[in-house]
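Examining the three-dimensional arrangement
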Amino acid sequence: MAEKLDGVQLAILNKRIESICAKMANTLLRTGRSGVLNSARDFSCVLVTAQNQLLNVSESLPIHVLRGADMMCEAMQENHPNLKRGDAFLHNSPYHGGSHPADHTYLVPVVDDDGVHRFTMVAKAHQADCGNSIPTTYHGSARDVYNEGALIFPAVRIQENYEDNQDIIRMCEMRIRVPEQWWGDYLAALGAARIGEREMLALGREVGWDTLDRFAEQWFQYSEELMINAIRQMPSGKATTFSRHDPFPGAEDGIDVKIDLEIRPEDAMIEIDLRDNPDCLPCGLNLSQACTESSVLLGIFNSIQEDVPTNAGSLRRVKMHLRENCVVGIPVHPTSCSVATTNVADRLGNGVARAIAELGDGHGMASTGSIIPPSIGVISGSSEKTGGAYVNQIFLGWGGGAAGPNVDAWLSIGHIGNAGGSYQDSIELDEMRFPMRVVGRHFITDSGGAGRSRGGEAVYCEFGPVEGDMEVGYVSDGNEHAPEGTRGGGDGARADQFRRDANGDLHRLEACAQAEIPEGHTIVSYSCGGGGYGNPHERPVDKVSFDVREKWVSVGAAREIYGVVVNETGVVDQAATSKLRAMSST
Amino acid sequence: MRFAVDTGGTFTDLVVEDDNGEVRMYKASTTPTDPVAGVLDTLALAAEDYGVSRSDLLARGDMLIHGTTHAINAIVTGNTARTAFLTTRGHPDVLVLREGGRIEPFNFTVPYPQPYVPRSLTYEVVERIMYNGEVREALDEKEVVETIAQLKKAKVEAVAVCLLWSIVNPAHEIRVGELLEEHLPGVPYTLSHVLNPSLREYRRASSAAIDASLKPLMGAYMGGLESRLRDAGFDGRVLVVTTQGGAMDAADMAQSPIHSINSGPAMAPLAGRAYAQADSGADTAIIADTGGTTFDVSLVRGGRIPWTRETWIGQPYRGHMTGFPAVDVKSIGAGGGSIAWVDEGGLLHIGPQSAGAVPGPVCYGKGGTEPTVTDASVVLGWIDPDFFLGGAMSLDREAAAKAIQSQVGDKLGFGLHEAAAAILSVATENMVHAIEDITVNQGIDPRGAVLIGGGGAAGLNVTAIARRLGCERAIIPDVAAALSAAGALMSDLRAEFSGTLYTQTAGFETERVNELLARLESQCQEFIAGPGADSIEQIIEFTAEARYPSQIWEIEVPLRGNRVASDQDVADLRDDFHSTHQEIFAIADNKSEVEVVGWRANVRCRLRDGVEWTVKEAVASDIEVPEHREAYFEGSGLVDARVLRFEDMARGEEVTGPAIIESSFTTVVVDPGASAVRRDSGSLVINPAAEG
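Residues numbered from 1 in each chain as written. Chains lettered and ligands numbered in written order. Predicted model: local features only at pLDDT ≥ 70, side-chain atom pairs only at ≥ 80, totals over all residues. Heavy atoms only, no water.

**A short note on the pairing of strand β26 (residues 555–558) of chain B**
Looking down a regular strand, the side chains alternate between one sheet face and the other. All names here are of chain B. Cut-off, in case you're wondering: Summary of the burial criterion: residues with accessible area below 20% of their type's maximum are buried, those above 50% are exposed, and those between are partly exposed, where the area comes from a 1.4 Å probe applied to protein chains only. Helix and strand labels come from DSSP, where a helix needs a run of H or I of at least four residues and a strand needs a run of E of at least two; each type is numbered from the N terminus. A pair of strands is labelled paired if DSSP reports no fewer than 2 bridges between them.
The two faces of β26 differ: I555 and V557 on one face are buried, but E556 and P558 on the other face are not. Strand direction decides the pairing type here: strand β25 (residues 537–547) and β26, joined by four bridges, are antiparallel. Directly across from E545, in β26, lies its bridge partner E556.

**Thoughts on the packing of aromatic side chains**
Here is the rule we go by: Each pair of aromatic rings taken from Phe, Tyr and Trp, with Trp reduced to its six-membered ring, is defined by centres within 6.5 Å and is described as stacked if the planes are under 30 degrees apart, edge-to-face if over 60, and tilted in the remaining cases. We call a charge positioned over a ring when the NZ of a Lys or the CZ of an Arg lies within 6 Å of the ring centre and within 35 degrees of the ring normal.
If you walk through the whole model with that rule in mind, you get 21 aromatic pairs over all chains. In this structure, R102 of chain B packs its charged tip against the face of W410 of chain A, placed 5.5 Å from the ring centre.

**Concerning the sheet that holds strand β10 (residues 269–273) of chain A**
All names here are of chain A. As a reminder of what qualifies: Throughout, an axis means a line fitted to C-alpha atoms (over the contacting stretch in the case of helices), and angles, computed between N-to-C directions, take values from 0 to 180 degrees.
Pairing within the open sheet is mixed, and its four strands lie in the order β8-β9-β10-β11. Among the strands making up the open sheet, the edge pair consists of β8 (237–245) and β11 (318–321). The sheet shows a mean angle of 20° between the axes of neighbouring strands, direction not considered. In this sheet, strand β9 (residues 255–264) lies alongside β8 in antiparallel orientation, the contact comprising nine bridges. Paired with K238 across the two strands is E262, which belongs to β9.

**Considering empty space enclosed by the protein**
Put simply, the rule is: Both cavities and pockets are sets of points on a 1 Å grid over the protein atoms alone; in a cavity a 1.4 Å probe fits but cannot get out, in a pocket the set is open with protein on both sides within 12 Å along at least five of seven lines, and lining residues sit with an atom within 4 Å of a point. Grid points are joined across faces, edges and corners, and a volume is the space filled by probe spheres set on the points. Each domain span listed reflects an automatic or database assignment of domains.
Tallied over the entire structure, the rule returns 14 cavities of 30 Å³ or more. Considering only enclosed or pocket space, the largest cavity measures out at about 120 Å³ in volume. Forming the walls of the largest cavity are 20 residues, and the residues nearest its centre are D42, H126, Y138, T342 and H415 of chain A. Here the lining of the largest cavity spans two domains, since at least three of its residues come from each of domain 1 (7–224) and domain 2 (365–536) of chain A. Estimates place the volume of the second largest cavity at around 100 Å³. Around the second largest cavity, the lining comprises 13 residues; the ones closest to its centre are R441 of chain A together with V94, L97, R98 and E201 of chain B. Of all the secondary-structure elements, those providing two or more residues to the lining of the second largest cavity are α4 (94–97) and α8 (201–231) of chain B.

**Regarding helix α7 (residues 179–207) of chain A**
Residue and element names in this part refer to chain A. This is how the line gets drawn: Here a helix's expected span is defined as the number of its residues, less one, multiplied by 1.5 Å.
For α7, built from 29 residues, the straight-helix expectation of 42 Å at 1.5 Å per residue is met to within 8% by its first-to-last C-alpha distance of 42 Å. Taken across its 29 residues, α7 has 22 buried, putting it largely inside the fold. Looking one or two residues beyond α7, the residue adopting positive phi is G208, at roughly 95°.

**Observations regarding the pairing of strand β30 (residues 637–645) of chain B**
Sheet topology places strand β29 (residues 628–633) of chain B next to β30 of chain B; six bridges connect them, and they run antiparallel. Looking across to β30 of chain B, one finds that R629 of chain B is bridged to A641 of chain B.

**As for the side chain of E550 of chain A**
Note the following rule: Neither His nor the chain ends is counted toward charge; the positive residues are Lys and Arg and the negative residues Asp and Glu. Here a salt bridge means any side-chain nitrogen of Lys or Arg lying within 4 Å of a carboxyl oxygen belonging to Asp or Glu. Any two residues whose heavy atoms approach within 4.5 Å are treated as being in contact.
Relative to the elements of secondary structure, E550 of chain A occurs in the loop between α13 (541–549) and α14 (555–560). No salt bridge is formed by the buried E550 of chain A; the nearest opposite charge belongs to R549 of chain A, separated by 4.8 Å. Setting aside anything within four residues of it in sequence, one finds E550 of chain A in contact with P118, R119 and S120 of chain B.

**Some points on the interface of chain B and chain A**
Spelled out, the test is: Two parts lose some accessible area (1.4 Å probe) when they are put together, and adding that loss for both gives the buried area. Counted as a polar contact is a pair of N or O atoms within 3.5 Å, where, for protein atoms, one must be capable of donating a hydrogen and the other of accepting one, and residues adjacent in sequence contribute only when both atoms are in side chains. Residues are sorted three ways: Asp, Glu, Lys and Arg are charged, Ala, Val, Leu, Ile, Met, Phe, Trp, Tyr, Cys and Pro are nonpolar, and all the rest, Gly among them, are polar.
Between chain B and chain A, the residue contacts involve 75 residues of the former and 75 residues of the latter. Carbon and sulfur atoms make up 61% of the area that chain B and chain A hide from each other, which totals about 6,800 Å². Area buried by chain B at its contact with chain A is led by F106, F108 and R119 of chain B, which between them contribute 12% of it. Between chain B and chain A we count four salt bridges in total. As a salt-bridge pair, R204 of chain B and E428 of chain A come within 2.8 Å of each other at their nearest N and O atoms. In this structure, the connection of chain B to chain A is made through 29 residue pairs in polar contact (both at pLDDT 80 or more). Here the side of chain B that touches chain A takes nine residues from helix α13 (residues 416–442) of chain B, the largest share from any one element. Tallied by class, the residues present in the side of chain B that touches chain A amount to 35 nonpolar, 20 polar and 20 charged.

**Thoughts on the domain arrangement of chain A**
If you check the domain split of chain A, you get domain 1 (7–224), domain 2 (365–536) and domain 3 (540–585). Spacing between the C-alpha centres of domain 1 of chain A and domain 3 of chain A amounts to 51 Å.

**What to know about the sheet that holds strand β32 (residues 659–662) of chain B**
Residue and element names in this part refer to chain B. Ordered in space as β29-β30-β32-β33, the four strands form an open sheet in which the pairing is mixed. Looking at strand neighbours, the two that pair on one side only are β29 and β33 (667–670), the edges of this open sheet. Averaged over neighbouring strand pairs, the angle between their axes works out to 35° when direction is ignored. Pairing analysis gives four bridges linking β30 to β32, with the strands arranged parallel. Along β32, the bridge assignment pairs R642 with A659.

So this is what it looks like as structure tokens:
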């Protein structure tokens with residue numbers, strides 16, 4: 001048995017692997033064509049061992065990869081037992097470890113000079129279009145995968161000897177809207193995976209493959225060790241939380257998500273049971289197994305100290321009970337998972353964080369705002385300006401971060417699964433690229449959940465086409481069921497959406513729709529606010545005064561909800577405030 | 001005679017170059033409350049060395065080039081002016097929302113950053129211009145006048161104005177400026193399209209807000225600097241170093257003070273470029289400037305100093321973007337003072353915490369208890385405890401050893417030397433990581449670059465860093481300890497002019513593009529005729545900011561000429577874009593057309609001839625230095641290392657490692673298996689050739 005690596009060698013090899021993933025991510029971000037890649041950073045660059053263990057996710061979107069990349073590599077090995085250098089595989093099947101069909105993933109096996117498969121580089125990238133029956137990658141009302149329409153690739157060899165399989169390229173070009181955009185994204189994502197491969201080969205030759213294998217094994221141990229320490233500091237006990245996704249087509253009664261969570265600090269284990277949940281539904285909201293597990297892990301990792309690496313080692317301390325054909329479990333083909341990374345996944349991840357909060361003050365988090373409002377919908381149409389058809393997701397504004405125990409929400413969080421990594425579009429950039437005008441975009445006073453820590457404010461956004469008509473596809477959860485606060489914190493504001501006609505009159509739109517906005521009209525989007533944490537009366541008075549002066553909280557809400565008597569410039573009436581707060585505490 | 005003064009956090013460095021090309025270096029403590037006093041102090045040191053009075057020395061000067069951290073300090077400490085922000089109606093949260101983005105996805109203990117201008121000082125202006133310049137909603141002047149009355153009431157000291165699409169049609173911003181002049185006289189303001197005419201409203205707004213907020217303070221500072229230098233007898237030209245690595249007249253800097261934000265570190269690559277060229281004929285270099293608390297990396301690629309479009313004050317996404325391109329400098333918390341610690345999982349970390357100047361490393365004996373990189377270097381025998389800063393300070397080796405053993409060695413199960421060597425290894429790796437970060441972004445392969453070390457602590461692990469990166473040469477210039485000030489002496493007068501004009505290579509808008517290029521060129525010519533009137537040489541370079549269709553991040557492509565007139569010119573631009581894209585990202589889409597979004601012209605006016613100078617070395621102190629001492633190296637263990645004085649090394653003299661070369665300003669470690677030679681330029685050139 002070879003010698004054990006010391007703490008120094010571990011630290012150094014970890015840095016080198018992080019550098020490799022950073023190189024991959026840089027290529028994807030800078031060269032990607034769709035908005036969802038180059039603006040929302042909706043991609044991940046991951047390193048997986050030959051034994052299909054997740055090793056590094058430092059450049060990734062949490063919902064993409066906490067689980068899934070490993071399962072996809074497993075599918076690759078099952079379908080293709082003989083891996084050769086120069087191979088690359090396209091994978092997007094939610095039935096084989098994929099998140100949802102819009103996430104095209106390129107798997108490149110790193111094969112050493114002796115022909116041994118050592119690692120797999122994974123580059124996952126959300127596409128602007130994936131061949132769905134309607135021009136959106138979030139087909140909320142899809143009855144099944146056939147109605148959804150996406151091309152499904154269960155680890156399909158797209159390159160051999162570094163050469164494209166033109167059959168597959170041509171199939172994609174015949175089926176995916178704006179094929180040049182898809183082609184550009186293919187180059188970006190595959191290029192990223194190839195850069196990772198090149199660097200890993202160099203590293204393996206330099207330090208030796210056995211050393212890297214030992215590194216992986218020890219890194220998992222180290223990560224598990226930190227995870228054990230983290231769980232030992234958590235409160236002990238069982239909690240059950242509920243969250244309800246709004247009624248959508250195919251889920252007319254809404255979707256109840258129930259989370260049974262147990263933390264056992266003495267064993268350093270967290271256990272989650274999701275089996276008592278509805279069967280899969282005839283709509284696109286079902287979670288893939290990868291998204292179910294990733295959502296649970298998100299809720300957990302958001303609630304523990306930030307220095308625990310997320311990999312197969314730390315994941316050993318979480319046990320999940322799932323069942324087949326469950327909306328938050330393991331879907332069975334041909335169930336549609338078109339919207340698996342956001343809506344119900346958000347309800348699940350947020351529910352886990354709240355369950356942890358319920359076990360003890362100072363732990364867990366409130367709920368992050370639900371999505372996908374029209375302000376980050378998929379716009380499509382045709383115009384001279386775009387030289388014909390356009391379809392792209394825009395990211396004009398999604399607020400609604402969750403409050404933590406002692407820190408106010410991160411305002412531009414996006415949603416829990418994105419964790420704020422997304423950029424927010426420049427108005428000028430969008431108006432330059434698309435035939436559109438953005439009338440306004442700003443945060444809304446009093447829309448964040450009140451609390452000792454404040455939930456993030458919702459975003460108001462109004463935009464419309466200036467040349468031809470425009471379709472806006474969106475699936476906005478939170479119109480009915482607000483993002484929950486926790487431990488006495490208030491809920492975030494609900495989402496809403498309207499069409500404003502040429503006379504300025506507002507017409508309410510459905511929460512899940514492919515809205516048609518004629519030229520001269522606009523769409524008005526209200527995103528959700530995030531939940532607050534703790535009793536608002538515990539919020540320090542000077543913070544409330546600041547909130548009012550900065551127009552996050554109104555004078556009225558300061559008095560009614562926070563028990564602080566303050567004028568609009570932030571001057572506090574201390575006596576009246578003490579009286580008000582004393583009254584409520586009795 | 002020319003002076004270059006770089007005011008840093010701890011030291012103020014002065015480099016003096018006389019008319020015969022002889023250069024001398026001086027260091028004095030910075031006086032944070034009155035930085036100009038530190039400038040005058042270094043000049044007094046120099047005068048003493050030259051044996052003349054300060055006023056006589058100053059009277060000989062033609063030019064003083066100043067690098068300053070005054071602006072950045074004001075921002076970091078919140079001492080800028082009370083600034084208001086005027087924005088297009090409907091878009092009040094431009095500075096709050098920024099462009100999104102976040103680091104450390106699972107870390108919810110870091111609060112969301114406050115906007116540069118608070119919401120309570122943000123005012124919406126009724127107006128709207130479209131992307132093509134069409135006025136969709138006229139400016140409501142009456143309302144603007146009412147807003148100005150509110151500004152007065154709010155006791156605003158500066159105003160930033162950024163309206164949507166002012167880069168295409170500036171009429172509304174210009175009119176708001178006129179109304180401010182009329183109704184709020186004496187309060188400085190910044191119009192976004194004048195300061196930074198580039199696409200993306202947040203970046204432009206942020207530029208304007210930062211600039212306006214610095215105007216009262218930097219106006220006073222620049223005025224004070226000039227008048228105090230004049231009073232002290234200086235009659236030459238006062239220039240200030242810019243974030244873009246150029247120089248500007250102090251009076252002009254007062255008009256757009258945002259350009260002084262990264263004034264210091266931007267100079268190091270100028271010196272690095274000169275030494276890379278002189279000592280190894282290389283046109284690609286990595287410049288690593290190691291101070292007490294930070295490690296700054298910058299680059300030279302193909303003889304040019306690469307810029308970044310994204311410059312942050314503070315951490316990315318947690319701070320503010322300046323909106324300006326800047327010399328690409330990556331800074332991390334790693335230096336001599338960085339603290340070594342072992343986490344609960346048994347992993348060794350170095351920094352980012354620093355022991356700073358107070359209490360400093362354990363070996364300073366000033367109350368520091370946590371072991372640092374400097375302590376490890378003392379324990380390894382690399383730094384001589386009796387010859388630190390030329391013997392100005394004596395160090396406590398025993399205390400350093402105790403701290404390293406108990407806080408690192410025992411926790412890792414290492415002996416003392418192993419633990420100290422591990423501290424250097426991890427520090428090296430952190431630095432390598434920072435270098436890789438910036439070289440990746442700029443598409444540079446470190447293996448083809450030379451490594452230039454600057455700053456007091458560079459020499460400790462420059463050999464190790466060069467080995468890890470695979471660089472063939474590492475260079476420690478004789479001005480290494482004051483690399484930035486030396487770079488300032490080499491700086492050119494610089495200005496940049498830019499415009500936004502969207503077009504594609506298919507259906508290229510030749511006429512409009514060339515109109516814009518002609519306008520940019522005439523702006524450059526005006527600059528040459530004005531501030532650049534006395535310069536030796538003038539260079540204008542044009543670049544296009546381009547991308548593939550539906551990409552959103554542009555890359556810069558140099559134009560081959562000053563116009564894009566013929567079909568061939570357009571085809572050349574397209575080809576150059578493909579190859580630049582290939583170079584940076586390792587992929588290109590050769591069949592694709594290319595979109596151009598912005599156009600820039602850079603004008604440089606060269607102020608000096610060549611870079612040949614000789615450094616007059618500090619007189620060797622009279623401390624006896626043994627010719628050998630015991631030093632520890634990973635892989636070799638304790639060995640007998642040769643010890644040399646930097647200033648005693650003859651030109652052409654070669655030493656093989658293990659060796660330690662010391663001067664009053666720095667220590668250079670030549671690892672076993674490496675060798676170093678003193679060049680005619682005075683630089684020490686290290687061949688890191690790894691053993692085995």
